[in-house]
Every structure is written in structure tokens, then in C-alpha cells.
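An overview of the molecular structure
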Amino acid sequence: MTDTSNARDWAGQPPYLAPDYKSTLLRSPSKPPIKLPQTISEITGPVYGHESVTGNDADLTLNGRRNGEPLGERIIVTGRVLGDDGTPLPNTLLEIWQANACGRYVHKADQHDAPLDPNFLGGGRCVTDANGVYRFMTVKPGAYPWGNHINAWRPQHIHFSLFGPSFVTRLVTQMYFPGDPLLPLDPIFLATPAATRSLLIAEFSLDATESGYALGYKFDIVLRGRNATPMEA
Amino acid sequence: MNLRQTPSQTVGPYFAYGLSPEQYGYDFGSITGGDMAPPEVEGQRIRVEGRVFDGAGAVVPDALIEIWQADAEGRYAHPADPRGSNATFKGFGRFGTGTDRQSRFIFDTIKPGSVDAGQAPHLNVILTMRGMLLHAFTRIYFADEAANAMDKVLNVVPAERRHTLIAQPVGGNVYRFDIHMQGVDETVFFDV
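Our subject in this report is the structure included herewith. (Residues numbered from 1 in each chain as written. Chains lettered and ligands numbered in written order. Predicted model: local features only at pLDDT ≥ 70, side-chain atom pairs only at ≥ 80, totals over all residues. Heavy atoms only, no water.)

1. Here we look at the overall build of chain B
Worth spelling out the cut-off: Strands are runs of DSSP state E lasting at least 2 residues, helices are runs of H or I lasting at least 4, and numbering of each runs from the N terminus. We compute the radius of gyration from the C-alpha atoms alone; for a globule the expected value is 2.2 Å times N to the 0.38, where N is the number of residues. Burial status follows relative accessibility: with a 1.4 Å probe on protein chains alone, a residue under 20% of its type maximum counts as buried, one over 50% as exposed, and anything between as partly exposed. Here the accessible surface of atoms and residues is derived via Shrake-Rupley with a 1.4 Å probe, and residues count as covered only by protein chains that are part of the display. Residues counted as positive are Lys and Arg, residues counted as negative are Asp and Glu, and His and the chain ends are not counted. Here the site of a charge means NZ on Lys, CZ on Arg, CG on Asp, or CD on Glu.
Secondary structure assignment for chain B yields one helix and eleven strands. The N-to-C order of helical and strand elements in chain B reads α-β-β-β-β-β-β-β-β-β-β-β. Since a compact globule built from 192 residues should have a radius of gyration of about 16 Å, the 17 Å found for chain B is in line with a globular shape. Overall, chain B is about 50 × 40 × 40 Å in size when its C-alpha atoms are taken along their principal axes. By residue count, 63% of the 192 residues in chain B fall in the buried class. Surface exposure of chain B reaches about 6,700 Å², of which carbon and sulfur atoms provide 50%. Once the 17 positive and 23 negative side-chain charges of chain B are each reduced to a mean point, those two points are 2 Å apart.

See below:
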């Protein structure tokens, strides 16, 4: 039979429908998901290791340069990727994307009236080492307005995408910064259950800070574990 | 379980240059895209395309669809599949609905084989978009597979909703699969 010890922790996840985040109204499934035992299709998953990262992929202050250095406050974002049993997950891919220091995304759909930075793309990739550790160099993203409600502003954040060991361990999330006054006003952050919200906020770390160069933030990420076995065929 | 799982947050509207930069024309490499099977991969060539509709019936132009599938012999390119896989076929594709004029997702791939005795050929799907705080899992089956009748996943889905999981051949090598977030044809999503 199926071992579901790596089940999604629904109680700690935001719901599909969160009315204060208006886009969820028409984009959330109205019916509950149907529970399935895990099969070989769910316990396997895409494998992207060190071969999927090249050159300056993990350094966003370098990988978008055209004619100079990107503007903004340089930061290091580092941490461990763990299974929910506490086991570090080595050799797993992280993909990140973020706004520039002015709060503007390179994406052409972003019409916020803030400058683009010709030397900053805002996309990066990194693979965890043998201890499950990742590290990005970037600039601190700016806050930006959005159309959810009058005078709505997104807190500063970095988007994260991870695979983990199987199809079901996939995670797409956002990392926030400590002390951001916009957090208690943000319907996306607030859609997260109160008990797990703090897991989305990085910690400032003097240990991770590079003296004379960049402030360090630590952000550990916990994925569903790898303990499932497939059901009998 | 010792640790709480990190909560999911929405992928937002601006994922393109981070997750699908080549498809959207950004100067940054992609790990994969909609073209999943290089010429040397063996198997029946198929295209799977479709659109995502919101609860008002509007086409969603900023969704991200990911496909995880077995090769033509039903083997996954992953260490948990003991049979080992066709090494040239990674089995993972990703496509955003923001580049096609009709806001379609388009995957050019091979038809997967049956992965075990209880399952018909299928593609495993992750769907996410702005307005989803948590990605959703679904599956794509093929209307021309007799094995659908005994598939153990399809058989736990209420009969009147099963059609939402089945891609229809529309000519040539193309299968059509639309995703409906709500309404009478609301796609079945899974808790796996």
C-alpha cells in the first residue's frame, strides 16, 4: 500500500480561494482535489542537477550585465533545502526571479513607471551542494504597486521555484525580507496560514554577510519528503 | 514529519524570464521548453495543445504548464524507476501561455508508454498561474487508448468528470486538451 508520509501539508499551505487576493476568485478550482495514491508517476520527477547550471547563473549582479554593474543594494541569499524529515536535499535545482532595485520587472507585461536597469535581468539558477546548501548573489528587489486594490503594494520579494526529489515535491514560492512594513498589508502573504507565514521570511545574517561587499540573508526551504513508495500495480 | 513545509506562493505574472526565458525571447537559457523530444528520441511524435480558461470563461494568457512523462516504453528518467530510461529523453517540459496568439500551451513530444499494468499512457501536469497560491496537479490521458477503461486513476474519478482528463485527437498528430478552472467542465485536479 501507499506510504503517504510525504503528503502535502494542506493546513500549512495557502488555499486556492483567498478572496482578498482578487485574482483567485476566477482562477481557483471550485471542487476539492481528488485524493490519489502515489504511483511511479508521482514518486519520480524531473532531474536537474549541476549540469543545468552554468557560469554566472547564481550571480544576478553578473548574469545580466551589458555595460556596467546593476544598481541597488547587493545581497547574498543563502540557505538549505531540506525534506520535511529534516534531511538536506543535495543536487536539487532552484530557479529564482525578481524585480530590480527600483521594483521593476524586465517582463514586458510590467508597466510600472520605474526604470529598468540595463545591467540587471533578475533571473538566476543554483543547484544545492552535498549539504543541501544554495547561494545567490543579487540586489535587493524594490517594492512595487499592483492592481489588487487601491494603493496596493507588494512587499519586497524574490520568487523561488524548486523541484526536490519527485514530481510531488515541486514548490513555487516567494521569499520576503524581515521587517517589511508591507507584509501585514499584503493579501498574498496574508493568504498563508498564520502558523506558517514566518517560514516565508528570510533572516538577516551577519555570518552570511560578505564583509565590505554584500549583506547576507538566510532562507531555508522545506519540501515534502521523499518517503513514499508506490502503490501495488 | 519534523519540519513544517515551506508554504507555496503564487508564481505571479512575471515568471517568464525566470522559468521560460527562451520561449519568451529573453537573453537567458532555459532548462526546458515545449519541444521535449529531440530527433533521436524514439516514439510516436505527438503535439499536445490547449488553453486554460478561468471561471468566467476567459482565456488565461499567463498560465504556466509543466509536463512530466515517461518515454515510449513507459520508463521515467529518474532513479526511482528501476527499469532505467531512454537516456535521450528527459521527460520534462514547460510552456507559458503568453507567447501564442491564441494563448495556447503547445508541447511537441512523444506519446508515453504505459508505466505500469494498472495505468494507461498519461502525462502528469503541474498547472500554476497568477491567482493561484498553490499549484495544481492533473493528468492528460489520450482518447484513443483502450487502456483508459482499466486505468486505476481514471476509475477513482466520478464518471461524469472523467472527460476533463482526456485529450482528443484533432487531426494529424495533434491532441487537444483544455483546462477549465471552474464551471461544468471544471478539470479534475488531484491531491497526490
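This is not the end of the story, as more comes after the structure.
2. So, the sheet that holds strand β4 (residues 123-127) of chain A
Residue and element names in this part refer to chain A. Selection rule: Pairs of strands are assigned from DSSP output, requiring at least two bridges between the strands. Each axis is a line fitted through C-alpha atoms, taken for helices only over the stretch in contact, and angles between the N-to-C directions span 0 to 180 degrees.
Pairing is antiparallel across the open sheet formed by four strands, whose spatial order is β4-β3-β8-β9. Every interior strand has two partners, whereas the edge strands, β4 and β9 (171-176), have only one. Between one strand axis and the next, the sheet turns through 25 degrees on average, direction left out of account. Judged from the five bridges that link them, strand β3 (residues 93-98) and strand β8 (residues 157-162) form a sheet pairing that is antiparallel. For Leu 94, the partnering residue across the bridge sits in β8 and is Leu 162.

3. Digging into the pairing of strand β4 (residues 92-96) of chain B
Residue and element names in this part refer to chain B. With five of five residues buried, β4 lies mostly within the body of the structure. What you see with β4 is no split at all: Phe 92, Arg 94 and Gly 96 on one side and Gly 93 and Phe 95 on the other are buried throughout. Of the pairings in the sheet, the one linking strand β3 (residues 63-68) to β4 comprises five bridges and is antiparallel in character. The residue bridging Leu 64 from the neighbouring strand is Gly 96, located in β4.

4. Quick notes on the interface of chain B and chain A
The test is simple: Should any heavy atoms of two residues lie within 4.5 Å, those residues are counted as being in contact. Reported buried area values correspond to the accessible surface (1.4 Å probe) lost by two parts on association, with both partners' losses combined. We count a salt bridge whenever a side-chain nitrogen from Lys or Arg sits within 4 Å of a carboxyl oxygen from Asp or Glu.
Each partner contributes residues to the interface: chain B has 78 residues there, and chain A has 91 residues. Interface area, chain B with chain A, both sides summed: about 7,500 Å², of which 59% is carbon and sulfur. Looking at the side of chain B facing chain A, the largest losses of area belong to Gln 5, Gln 9 and Tyr 14 of chain B, adding up to 11% of the total buried there. For the salt bridge of Arg 27 of chain A with Asp 62 of chain B, the shortest nitrogen-to-oxygen distance reads 2.9 Å.

5. Describing the side chain of Thr 78 of chain A
For Thr 78 of chain A, the location among the structural elements is in strand β2 (residues 74-83). What Thr 78 of chain A contacts, discounting residues up to four positions off in sequence, is Val 133, Tyr 134, Arg 135, Ala 208, Tyr 217, Lys 218 and Phe 219 of chain A.

6. Considering the environment of Pro 88 of chain A
Residue and element names in this part refer to chain A. In this structure, Pro 88 sits in the loop between β2 and β3. In this structure Pro 88 comes out as partly exposed when scored by relative accessible area, which is 29%. C-alpha of Pro 88 to C-alpha of Gly 164: the two residues are 76 residues apart in sequence and 10 Å apart in space. The contacts of Pro 88, once residues within four sequence positions are left out, are Arg 80, Val 81, Leu 82, Asn 131 and Gly 132.

7. Quick notes on the pattern of salt bridges
Side chains that differ in sign of charge can pair as their charged atoms come close. If you walk through the whole model with that rule in mind, you get 25 salt bridges over all chains. The residue Glu 42 of chain A makes a salt bridge to Arg 139 of chain B at a minimum N-O spacing of 2.8 Å. Pair noted here: Glu 42 of chain A is in helix α2 (residues 40-43) and Arg 139 of chain B is in strand β7 (residues 136-142), and the two residues belong to different chains. Classification of Glu 42 of chain A as buried rests on a relative accessible area of 2%. Overall, Arg 139 of chain B belongs to the buried group, its relative accessible area being 2%. Glu 49 of chain B is paired through a salt bridge with Arg 176 of chain B; the nearest N and O atoms lie 3.4 Å apart. Of the two residues, Glu 49 of chain B sits in strand β1 (residues 45-50) while Arg 176 of chain B sits in strand β9 (residues 174-176), which places them 127 residues apart along the sequence. Through salt bridges with shared partners, a single ionic network connects Glu 49, Asp 100, Arg 104, Arg 176 and Asp 178 of chain B.

8. Thoughts on unusual backbone geometry
Residue and element names in this part refer to chain A. Not every positive phi belongs to a glycine, and Asn 91 is a case in point at roughly 60 degrees. Tracing the sequence through the fold places Asn 91 in the loop between β2 and β3. In the Ramachandran plot, Asn 151 falls in the positive-phi region, its phi being about 60 degrees despite a non-glycine side chain. Take Asn 151: it is sitting in the loop between β6 (144-146) and β7 (152-154).

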